[in-house]
Amino acid sequence: MDNIEPLIFEKSAPNRRCFIPPVCDVSEKPITHFIPQKMQRKQKPNSPEVSEIDIVRHFTRLSQMNYCVDTNFYPLGSCTMKYNPKINEDSANLEGFTRLHPYQPTEQCQGILKLLYDLEQMLADISGMPYITLQPAAGAHGELAGMLIIQAYMKGRGETRSKIIVPDSAHGTNPASAALCGYYIESVQSNPDGLIDTKKLKSLLSNDTAALMITNPNTLGLFEKDILETCKIVHDAGALVYCDGANMNALLGIARPGDMGVDILHLNLHKTFSTPHGGGGPGAGPIGVSKALETFLPTPRIEKSTDNSYTLNYDYPSSIGKVRAFYGHVGIMIRAYTYLLLLGKNGIIKAGENAVLNANYLRNKLSKYYEIPYGKTCMHEFVISAKKQREKGVSALDIAKKLLDYGFHAPTIYFPLIVEEALMVEPTETESRETLDAFADAMIEIANTIVNTPEAVHNAPQYTKIGRPDEVTAARKPKLKWGNNC
Ligand SMILES: *Cc1c(COP(=O)(O)O)cnc(C)c1O
């Protein structure tokens, strides 16, 4: 890959065209007549003038510079970049779905209502949460809906509790969602095993605590083994347990948050349930709640009548109301439904088991070369600390950049915050042993390079289409336009 072609965006040549409009068959005069003089264009617009082949090559070239789960391994921890079967796309593209209108009467939409109802039941079955809404548009949006439900529930009890406890290993959206609802955030420290310190939690709980927001398995990839006791002490304090279930891979078909005492849970259909993501959406973050919280769920709720027909029920006076237009991102739900039907009950269990197996396989291979500060085994992901490599002057960021030279996407870095020089690896169940071995070989070669020639890792990536951007100017002064005068 030595002869990397330069990035040339300027393809324009005067009067080159890829589209010839038909001759205008009406007078142009009325247009200039109606547009005020000062708003009329004096010069030709400065748009690119290109032929069809220029345009096709430009966009095809750009698409080839993109990295995606369809091109190679994407071990981005906490993001679950599993492969998404193409049959999901086929079903979401069926005309019967794409041509539906959300204002159509429910009698004409029985098929999609059945699909959504059945998907709710399947997610209830997998999570152990008896009542599900599919409406929230993302994980963070599910958290927000969950916090609003907690607030409505407490209000119904005549209480105004003002604090939410969040572990120090939590995903950033957790405290952000709670703070958006006006809650004060209290952080509970992890113990030396990387789990919630129940003693510290007990000392924080008071009659001003509305809820604990927990992630299980947590972001270190560890199962909170004291979850039953944790839920009990939170409930004894009159508070609720919110569980972040964005990454449910490890539990699929094996354990259910609902059985652990959780009151509210969100799931990310665009992570665990196989919808492509990474480009910023759309996604779906359904939430599941216990019996006590059911009446607060967003409306409309999909209901099944005794004659097997489906209706939309808006009649829930204590509902927090709508959180999204219509019913949320239905296309994402069709993909998740297809995925679950495709796997079936046994396939779902296998997916969960293989997610854990793949993570432990990689963890074990890498533990001889990198420090893995928490846990002896992991669930669906694990977190490396590049502390040892840092002593040689090489950071987690450098290692992540070097991986790009090997053709791999980088793992998540510098998260969770409690791990110094963190590299968070989530292989997912869809990767073959050969891919895992190739990734491990690359990581091991990088570790060995750092021992002898650490400076070789600083300049990475060297073989990608673009080098290492300046992170500050890339964010503060991004070039978002073609050319200077457009
Ligand atoms: C991805 C993720 C979220 C947020 O989900 P979005 O859909 O990106 O809003 C929350 N918690 C955890 C643990 C996650 O991995």
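Just so it is clear, the structure is predicted and the values come from calculations on it, not from any experiment.

**Student:** Where do I start with the sheet that holds strand 5 (residues 240–245) in this structure?
**Tutor:** Within a beta sheet, neighbouring strands are joined by backbone hydrogen bonds and run either parallel or antiparallel to one another. Judged by pairing direction, the sheet is mixed, and its 7 strands sit side by side in the order 1-7-6-5-4-2-3 without closing on themselves. Every other strand in the sheet has two partners, leaving strand 1 (131–133) and strand 3 (184–188) as the edge strands with one partner each. Neighbour to neighbour, the strand axes of the sheet diverge by 25° on average, direction disregarded. Here strand 1 runs beside strand 7 (residues 287–289); their pairing, made up of 3 bridges, is antiparallel. Along strand 7, the bridge assignment pairs tyrosine 131 with valine 289.

**Student:** What is the right way to look at the environment of lysine 155 in this model?
**Tutor:** Along the chain, lysine 155 falls in helix 6 (residues 139–156). The exposure class assigned to lysine 155 is exposed, which follows from its relative accessible area of 67%. In this structure, the C-alpha to C-alpha distance between lysine 155 and glycine 278, residues 123 residues apart in sequence, is 37 Å.

**Student:** Could you clarify how one ought to interpret the sheet that holds strand 11 (residues 412–413) in this entry?
**Tutor:** With respect to topology, 3 strands assemble into an open sheet ordered 10-12-11, the strand pairing being antiparallel. Each having just a single partner strand, strand 10 (382–385) and strand 11 make up the two edges of the open sheet. As paired elements, strand 11 and strand 12 (residues 422–425) share 2 bridges and run antiparallel to each other. In the sheet register, isoleucine 413 faces strand 12, and the bridge partner there is leucine 423. Taken strand by strand, helix 13 (residues 396–405) contacts strand 11 and strand 12, and its axis lies near 40° from that of strand 12.

**Student:** I keep staring at the site of the ligand and nothing clicks. Help me out?
**Tutor:** As a matter of local geometry, the ligand sits amid 13 residues, with Ser78, Gly139, Asp244, His270 and Lys271 nearest to it. Take asparagine 247: an N or O atom from its side chain is 3.1 Å from an oxygen atom of the ligand. Burial of the ligand by the protein chains amounts to 86% of its free accessible area of 380 Å². For the shell around the ligand, the leading source of residues is helix 6, giving 3 residues. Looking at the shell around the ligand, its residues break down into 3 nonpolar, 7 polar and 3 charged.

**Student:** Any chance you could explain the pattern of salt bridges here in plain terms?
**Tutor:** Oppositely charged side chains are able to pair whenever their charged atoms sit close together. What the rule picks out here adds up to 24 salt bridges. Ionic pairing is found between arginine 157 and glutamate 159, a salt bridge with its closest N-O pair at 3.0 Å. When its relative accessible area of 35% is taken as the criterion, arginine 157 is described as partly exposed. Between glutamate 421 and arginine 390 there is a salt bridge whose closest N-O contact spans 3.6 Å. A residue pair is termed long-range when its members are at least 10 positions apart, and glutamate 421 in the loop between strand 11 and strand 12 and arginine 390 in helix 12 (residues 387–390) qualify at 31 residues. Each of Arg17, Lys44 and Glu49 takes part in one network of salt bridges that share partners.

**Student:** Explanation requested: the domain arrangement of the protein chain in the structure shown.
**Tutor:** Quite often, the size of an interface is put as the accessible area lost when its parts meet. Domain parsing of the protein chain yields domain 1 (8–65), domain 2 (86–340) and domain 3 (345–475). The centre of domain 2, based on its C-alpha atoms, is set 30 Å off from the matching centre of domain 3. Between domain 2 and domain 3, the residue contacts involve 27 residues of the former and 24 residues of the latter. Roughly 1,800 Å² is buried in total at the junction of domain 2 and domain 3, and carbon and sulfur atoms are behind 67% of that figure. Ionic pairing is found between lysine 345 and aspartate 125, a salt bridge with its closest N-O pair at 3.9 Å. Summed over the shared surface of domain 2 and domain 3, the number is 2 residue pairs in polar contact (both at pLDDT 80 or more). Counting only elements with at least two residues in the side of domain 2 that touches domain 3, the list comes to helix 5 (110–127) and helix 11 (330–366). Looking at the side of domain 2 that touches domain 3 residue by residue, the classes come out as 13 nonpolar, 11 polar and 3 charged.

Rules of the game
Residues numbered from 1 in each chain as written. Predicted model: local features only at pLDDT ≥ 70, side-chain atom pairs only at ≥ 80, totals over all residues. Heavy atoms only, no water. Pairing = 2+ DSSP bridges. Helix = DSSP H or I, 4+ residues; strand = E, 2+ residues; numbered from the N terminus. Axes fitted to C-alpha atoms, helices over the stretch in contact; angles between N-to-C directions. Buried < 20%, exposed > 50% of the residue type's maximum accessible area, 1.4 Å probe, protein only. Contact = heavy atoms within 4.5 Å. Near = heavy atom within 4 Å. Polar contact = N/O pair within 3.5 Å; in protein donor to acceptor, adjacent residues only side chain to side chain. Areas by Shrake-Rupley, 256 points an atom, 1.4 Å probe, with all protein chains shown as cover. Nonpolar A, V, L, I, M, F, W, Y, C, P; charged D, E, K, R; others polar. Salt bridge = Lys/Arg side-chain N within 4 Å of Asp/Glu carboxyl O. Domains from an automatic or database assignment. Buried area = accessible area lost by both parts, 1.4 Å probe.

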